[in-house]
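Examining the three-dimensional arrangement
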There are 2 protein chains.
Amino acid sequence: MPPLKGRKSRTRDGVEAGPALAIECVEPSLDDARHPVKRIVGDSFHVTADIFRDGHDLVAARIRFRSPSDREWRYAPLAYEYDSDRWDGGFPLDEIGSWVYTVEAWTDVFATWRSGLQKKIDAGQDVSLELLEGAEIVDAAANRARFGDIRNALKQAVATLREADLDQRDRVTVALAPQLIPLVESYHLPADLTAYDRELEIAVDRERARFAAWYELFPRSQGDVPGRHGTFATAERELERIARLGFDVVYLPPVHPIGETNRKGRNNSLEASASDPGSPWAIGGKEGGHTAVDPRLGTLADFDHFVTRAHELGMEIALDYALQCSPDHPWLKEHPDWFFIRADGSIRYAENPPKKYQDIYPLDFWCADRAGLWNACKDIFLFWISHGVRTFRVDNPHTKPFAFWRWVIEEVKQRHPQVIFLSEAFTRPKRMKHLAKIGFTQSYTYFIWRTEARELAEYLTELTQSPVREYLRGNLFANTPDILHEFLQHGGRAGFRIRALLAATLSPLYGIYSGFELLEGIPLRSGSEEYIDSEKYELKHRDWGRPDSIAADFELLNRIRRENRALQLHDNLTFHPSDNDRVLFYRKSAPNGQNDLLIAVNLDPHSVRETTVHVPIADLDIHAEESYGVEDLLTGARYLWRGSRNYVRLDPREQVGHILRLIR
Amino acid sequence: MPPLKGRKSRTRDGVEAGPALAIECVEPSLDDARHPVKRIVGDSFHVTADIFRDGHDLVAARIRFRSPSDREWRYAPLAYEYDSDRWDGGFPLDEIGSWVYTVEAWTDVFATWRSGLQKKIDAGQDVSLELLEGAEIVDAAANRARFGDIRNALKQAVATLREADLDQRDRVTVALAPQLIPLVESYHLPADLTAYDRELEIAVDRERARFAAWYELFPRSQGDVPGRHGTFATAERELERIARLGFDVVYLPPVHPIGETNRKGRNNSLEASASDPGSPWAIGGKEGGHTAVDPRLGTLADFDHFVTRAHELGMEIALDYALQCSPDHPWLKEHPDWFFIRADGSIRYAENPPKKYQDIYPLDFWCADRAGLWNACKDIFLFWISHGVRTFRVDNPHTKPFAFWRWVIEEVKQRHPQVIFLSEAFTRPKRMKHLAKIGFTQSYTYFIWRTEARELAEYLTELTQSPVREYLRGNLFANTPDILHEFLQHGGRAGFRIRALLAATLSPLYGIYSGFELLEGIPLRSGSEEYIDSEKYELKHRDWGRPDSIAADFELLNRIRRENRALQLHDNLTFHPSDNDRVLFYRKSAPNGQNDLLIAVNLDPHSVRETTVHVPIADLDIHAEESYGVEDLLTGARYLWRGSRNYVRLDPREQVGHILRLIR
């Protein structure tokens, strides 16, 4: 159907009319169209709406939508669910970028007329007036038809409908001919075309925005020999190891020059020795700021080579985007007005009174030269994008203005819609969610701190089944350089395996910080979540071949993730009862029964746990007494299960969980 | 606090910034501020909102609102719920009409500064720079102060804060002095004042919009002797009877001249005899249309007298507003263009193919002279308002455009905000709700068709506890001239008493059509909800003193309603378990424990029913083993109850239910 141009409201003599039809509750919609919902290219987009009008006339409706590259609106039909005033329809999302859609409706005058005509004919009533009135509808369409043959066909129908000498039955046959319907509908101009009062956005990302395994790596620790600063060149070798483990994204903490003034020493001490490398988050030195690389890591050309090698291995590099400056950052001299100037003319360092962070200077995002600063921050993204980076992990975005993120993400995505932004906002829930609403592609979550079955089920249900699923894609990191959870400190090898299994199966997005596979779990002190001898302040040298390594777990988990569609989707997670509250039981399923996984995890790293799990057999089309096979993708073992309740026993020294694929 | 004028967004050099703070989820809000929520004058209005910003600075927020007579905005504070990013506050609604409100927030620079200062002092740090920075905040406020003494006080504080020679402790004392806070806050100009992106409306009605007992009466049936057409004068006597029964609103079917052409006879027959009075809904005759009275009822002066008499008795008259015309309505000659003109030039009568309604002509609300027609329809309201009518029961509003209702109700309420509109839309739920959203004060409901305990509990919970409570006030009619439910046809005297008790206690708004108290329950034929010998087509003459009348039930119920605040409120209904599913058990409570009613109704008119009801003792502050008294307001009997589970026995021949007031 071509675009319709109708009157939304008819104003005359001061008697203003609102929309003729009611269109309500168009979904999906995030905060009433204030923010885009998120989807992945290739998804089909499903729309529902409440649409109705007064009286008994029939209504027609459609979706109006536009892809990023469309210059004109496109349309998709909406179908009526009987007696519900609810309509639904959809269209495929075949392009990355920002889509727009809304809903339109109008009175279907021709269908209403045909329906009345049919009823009167069925009741044996004379319909000569009806035929003349129908002729007017068809004639109006004929007059709008641009092509001769359609116009002629319509005009001929009009003539027949008006031909009083003809047998009424013959005229009725023409009136109700199915082939007349699309011709009239194509050229009918509705007098009451009504559009929904909002246009809604869809942010369509590439597949990696929803499905990816992340691996965080300090390239400076990947030196040839212990104690020697690693380089992009030496770190390239680690890429092969990481690729073998099946990771998709290698995330690097900041690779920029590190400030020397007030540099932090080992274990965050205020005094650094000459050999201390400093924290990568103290960005900026005499060699440059956010668009330079630390010369100890190599050159920009080395970086480019590193990025290219990752691509060759099927992975991509994610960079850290941390908007703060060391005292030696060039911006302090070039743009002191981008910082907070104190009453004595000095530049304000970071504080959280009474704590002082004298190695870090925050930017004043609302300074007089806001445009200059914001554009410079945008240019950092564009610079690294020009060096092959497509993913950024954004440091502490909740300490910079929402308005800045909304602006900069839109600016970048307009040019590079494939870019992915991961929000590292460990803050209160509404602020975390707001950052996701205003543009961040993925978000760190509270997953690390959810260790009990009830906590995990509640939190993951919120992320994947509540309205949050429309905009917040949780990336479940099992550890970070800042967060070594107590569970890992005390859980031993089984503890690490449990958290790996949970992270990799509860969400299509998960990540670890390197060292996790080597069970690094000693805190700075009891009660702390900081690592002892943290890699943030010193070089590490690891023996990747250690016999207790759980690297094989990741190799297997990442392979299972690639082979099972259910583990690549976000909103397909449901929890089901387990009689032992230390065994978590959940289901991940791909649409149409193509891939059903039942996953049981022993949350207790210290003890064998037995339980009866309650399989949602009704949802799986399994009868109460029916037997069915399940295969443990972790071991290859097969079990014959029956009905809803089935027995599970997990000894954490051997196996912390099952990923059971339902055999159909 | 005086109005603030801040910058919502700061645009410069094409780098546009959105709002600095996030304000989300402002409530109450109906369909995201598209429609007003409804309240009653005297209510206090409670507002909540999610408000937050980036970083650690403190936030301040307030409600901005305007009553119908306010020429400037007023403000009310919002208070922060710790760590939730949720704020709440409120203001009293002391005027009938359309109110507007929204929410504003900004960074509380002065409080943030004081908080940091205090922390540094507590840590023994030097604060000389902080004092100078605080002086700048205070000085900016001083420069905006209009009054000399406040300005002077602020300037003096500035001087002290800047006085380097003074002991730092003395300067800190001035900086943190509580009396300084309101002075600075009053004149501080926030740089980031952010308003919520919607203004929200509140439709504030008079008390009768929420709490009223309606009585529907055909005045023409109130003749002196059987068979003689009643008049306003003879009907005045009935007003005294109705007032004694405690009703608040007397609703009259149309009182206009009735068409003679194609007039319907008794029992809706197509042929009327000369003596048949016709249906009052076939509006318009040679004596006039919607602004005339049927001369058989008397004159306009008689009508005025009738209205005045009702007011004297503490009641008001509601008129029927039915926008359709008999073939004899003056508009058919004066404004044929306001109707649908057929292909042969005739005016289209009402049809629902294959049914024909040749005594009724629908209006074409989208005709070329739409302004003329809509204004004429508006003038009908204004005419009767000028004759003392303040309440209209609107006939079949779902068959006229939503746009018309939105316009005409707003037009009328702008002039006469006290007017009440009752929507008689027995249609699908979303259309019924939409009419309430766009302006109708009250709505007919599906109550008549809800007879089982589960149905009643579900439906009334939706009306009173879901978001529907914000805009749809259900008026629970127990019968109407069009609807005689099967339950009444077969339930006998107890059946009528059950429905009366339910209607009068489940909702502060309820009504009956006269004859209900005389147990009129014979249908036109089996399976029909039409009355035999319906009053719509003939005069009735009733013996109000019949011994089986349940008029005393209404006298008692209406007195109990007036004496118990809990029965005057709308959103205070909860259902509680009863072990016998034929006994419905519910609670109506006024705030602060001032009035708690526990109501049990036997829904079975034919059998004695016993049950154990589960009293929500925790909500009533009663301990598990505690004894408490309840008084049956219907009988005066008192019972001693204990704990949650208590015994109820109801013999429908004697008593169909209890209204138990909790004795505190």
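Described below are features of the structure shown in this document. (Residues numbered from 1 in each chain as written. Chains lettered and ligands numbered in written order. Predicted model: local features only at pLDDT ≥ 70, side-chain atom pairs only at ≥ 80, totals over all residues. Heavy atoms only, no water.)

Observations concerning the overall build of chain A
Using the following cut-off: The helix and strand labels rest on DSSP assignments: H or I over at least four residues marks a helix, E over at least two residues marks a strand, and numbering proceeds from the N terminus. Summary of the burial criterion: residues with accessible area below 20% of their type's maximum are buried, those above 50% are exposed, and those between are partly exposed, where the area comes from a 1.4 Å probe applied to protein chains only. Using the Shrake-Rupley algorithm and a 1.4 Å probe, accessible areas are obtained, with residue cover drawn only from the displayed protein chains. Positive residues here are Lys and Arg, negative ones are Asp and Glu, while His and the chain termini are left out of the count. For this purpose, a charge sits on NZ of Lys, CZ of Arg, CG of Asp or CD of Glu.
Within chain A one finds 14 helices and 30 strands. Seen through its principal axes, chain A has C-alpha atoms that stretch 105 × 70 × 45 Å. Sorting the 664 residues of chain A into buried and exposed places 59% on the buried side. Carbon together with sulfur atoms contributes 49% to the accessible area of chain A, which is approximately 26,500 Å² in total. The averaged location of the 100 negative side-chain charges in chain A is 2 Å from the averaged location of its 85 positive side-chain charges.

Considerations on the pattern of salt bridges
We apply this condition: We define a salt bridge as a side-chain nitrogen of Lys or Arg found within 4 Å of a carboxyl oxygen belonging to Asp or Glu.
Applying the stated criterion across every chain, the model contains 133 salt bridges over all chains. Between Lys437 of chain A and Asp31 of chain A there is a salt bridge; the shortest N-O distance is 2.8 Å. Residue Lys437 of chain A is found in helix α11 (residues 429–437), and its partner Asp31 of chain A is found in the loop between β1 (22–27) and β2 (37–40); the two are separated by 406 residues along the sequence. Lys437 of chain A gets classed as buried once you look at its relative accessible area, which sits at 8%. Classification of Asp31 of chain A by relative accessible area gives partly exposed; the value is 28%. Each of Asp32, Arg34, Asp197 and Arg198 of chain A together with Asp32, Arg34, Asp197 and Arg198 of chain B takes part in a single network of salt bridges with overlapping partners.

Details of the packing of aromatic side chains
The way to describe two aromatic rings as a pair is by their centre distance and the angle between their planes. In plain terms, the rule: Here a Phe, Tyr or Trp ring, Trp counted by its six-membered ring, pairs with any other such ring whose centre lies within 6.5 Å, and the pair is stacked when the planes are under 30 degrees apart, edge-to-face when over 60, and tilted otherwise.
Inspection of every chain in the model, using the stated rule, returns 86 aromatic pairs over all chains. Ring geometry for Tyr321 of chain A against Phe381 of chain A: centres 3.7 Å apart, planes inclined by 15°, an arrangement best described as stacked. Remark: Phe381 of chain A occurs in helix α9 (residues 370–385) and Tyr321 of chain A occurs in strand β13 (residues 316–321); sequence separation between them is 60 residues. A residue is classified by how much of its surface remains accessible, and Phe381 of chain A, at 0% relative accessible area, is buried. Here Phe426 of chain B and Tyr444 of chain B contribute two aromatic rings whose centre-to-centre distance is 5.3 Å and whose plane-to-plane angle is 75°, an arrangement assigned as edge-to-face. Here Phe426 of chain B, found in the loop between β21 (420–424) and α11 (429–437), pairs with Tyr444 of chain B, found in strand β22 (residues 442–444); they are 18 residues apart in sequence, far enough to count as distant. Three or more aromatic residues link up through ring pairs in this structure, and these residues are Tyr321, Phe365, Trp366, Trp374, Phe381, Phe392, Phe404, Trp405, Trp407, Phe421 and Phe440 of chain A.

A closer look at helix α4 (residues 168–175) of chain B
Residues and elements named next belong to chain B. Filter applied, for reference: This arc is taken over the directions from the axis of the helix to the C-beta atoms. Whether two residues are in contact is decided by their heavy atoms, any of which lying within 4.5 Å being enough. We call two N or O atoms a polar contact when they sit within 3.5 Å, provided that within protein one can donate a hydrogen and the other can accept it, with sequence-adjacent residues counted only if both atoms are side-chain atoms.
Buried within α4 are the following residues: Arg171, Val172 and Ala175. For α4, the angular spread of buried residues about the axis comes to 100°, placing them on one side. Pointing more than 90 degrees away from the buried face of α4 are the exposed residues Arg169 and Thr173. Close packing links the buried residues of α4 with α1 (109–122), α2 (128–144), α3 (148–162) and α5 (180–187). Regarding α4, its N-cap is Asp167, as a side-chain oxygen of that residue lies 2.8 Å from the backbone nitrogen of Arg169 further along.

Examining the interface of chain B and chain A
Let me state the cut-off plainly: Accessible surface is computed with a 1.4 Å probe, and the buried area is the amount of it that two parts give up when combined, taken over both parts together.
Contacts between chain B and chain A engage 67 residues on the former and 67 residues on the latter. For the pair chain B and chain A, the two sides together bury roughly 5,800 Å², of which 48% comes from carbon and sulfur. The largest share of the area that chain B buries against chain A comes from Val15, Arg34 and Lys430 of chain B, three residues that together contribute 11% of it. In this structure, Arg34 of chain A engages Asp32 of chain B in a salt bridge whose closest nitrogen and oxygen atoms are separated by 3.0 Å.

Some details on the sheet that holds strand β22 (residues 509–513) of chain A
Sheet strands associate in pairs through backbone hydrogen bonding, adopting either a parallel or an antiparallel arrangement. Residues and elements named next belong to chain A. Just so we agree on the cut-off: When DSSP finds two or more bridges between two strands, those strands count as paired. Angles shown run from 0 to 180 degrees and are taken between the N-to-C directions of axes, each axis being a line fitted to C-alpha atoms and, for helices, limited to the stretch in contact.
The strand order around the closed barrel formed by eight strands is β11-β12-β13-β18-β19-β20-β21-β22, and the pairing between neighbours is parallel. For this sheet, the mean inter-axis angle between neighbouring strands, taken without regard to orientation, is 25°. Looking at chain direction, strand β11 (residues 212–216) and β22 are connected through five bridges and run parallel. Across the sheet, the residue bridging to Tyr215 is Ile512, located in β22. With respect to the sheet, helix α14 (residues 551–563) is in contact with β11 and β22, its orientation differing from that of β22 by roughly 165°.

Concerning the environment of Lys155 of chain B
Residues and elements named next belong to chain B. Take Lys155: it is sitting in helix α3. Sequence separation between Lys155 and Ser528 is 373 residues; the distance between their C-alpha atoms is 84 Å. Each residue touching Lys155, except ones within four places of it in the same chain, is listed here: Asp139, Ala142 and Asn143.

Focus on the sheet that holds strand β7 (residues 86–92) of chain A
Taken in spatial order, the four strands line up as β1-β3-β7-β6 (chain A) in an open sheet, and their pairing is antiparallel. Only two strands of the sheet have a single partner each, and these edge strands are β1 and β6 (79–81) of chain A. Across the sheet, the mean angle separating the axes of adjacent strands is 30° when strand polarity is ignored. Sheet analysis places β1 of chain A next to strand β3 (residues 44–52) of chain A, joined by four bridges and oriented antiparallel. Residue pairing for β3 of chain A: Glu27 of chain A is matched across the bridge by Thr48 of chain A. α11 of chain B contacts β1, β3 and β7 of chain A of the sheet and is inclined by roughly 70° relative to β3 of chain A.

Quick look at the side chain of Asp294 of chain B
Of note, Asp294 of chain B is situated in the loop between β14 (249–252) and α7 (300–312). When residues no more than four places from it in sequence are discounted, the contact partners of Asp294 of chain B are His229, Val255, His256, Pro257 and Ile258 of chain B.

Description of helix α14 (residues 551–563) of chain B
The cut-off we apply is this: Given the number of residues in a helix, its expected span is that number minus one, multiplied by 1.5 Å.
Taking 1.5 Å of rise per residue, 13 residues should cover 18 Å, and α14 of chain B covers 19 Å from first to last C-alpha, within 8% of that figure. Within α14 of chain B, burial applies to Ala551, Asp553, Phe554, Leu557, Asn558, Ile560 and Arg561 of chain B.

Thoughts on the packing of helix α9 (residues 370–385) of chain B against helix α10 (residues 402–415) of chain B
Residue and element names in this part refer to chain B. The condition that has to hold: Handedness of each helix crossing follows the sense of rotation of the near helix against the far helix: counterclockwise by less than a right angle gives left-handed, clockwise gives right-handed. The nonpolar class holds Ala, Val, Leu, Ile, Met, Phe, Trp, Tyr, Cys and Pro. Asp, Glu, Lys and Arg form the charged class, and all remaining residues, Gly among them, are polar.
In the contact formed by α9 and α10, the axes pass within 10 Å of each other and the chain directions differ by 40°. For the element pair α9 and α10, the recorded crossing hand is right-handed. Mapping the contact onto sequence places Trp374, Asn375, Cys377, Lys378, Phe381, Leu382 and Ile385 in α9 and Ala403, Phe404, Trp407, Val408, Glu411, Val412 and Arg415 in α10. Its residues placed into classes, the contact of α9 with α10 shows ten nonpolar, one polar and three charged.

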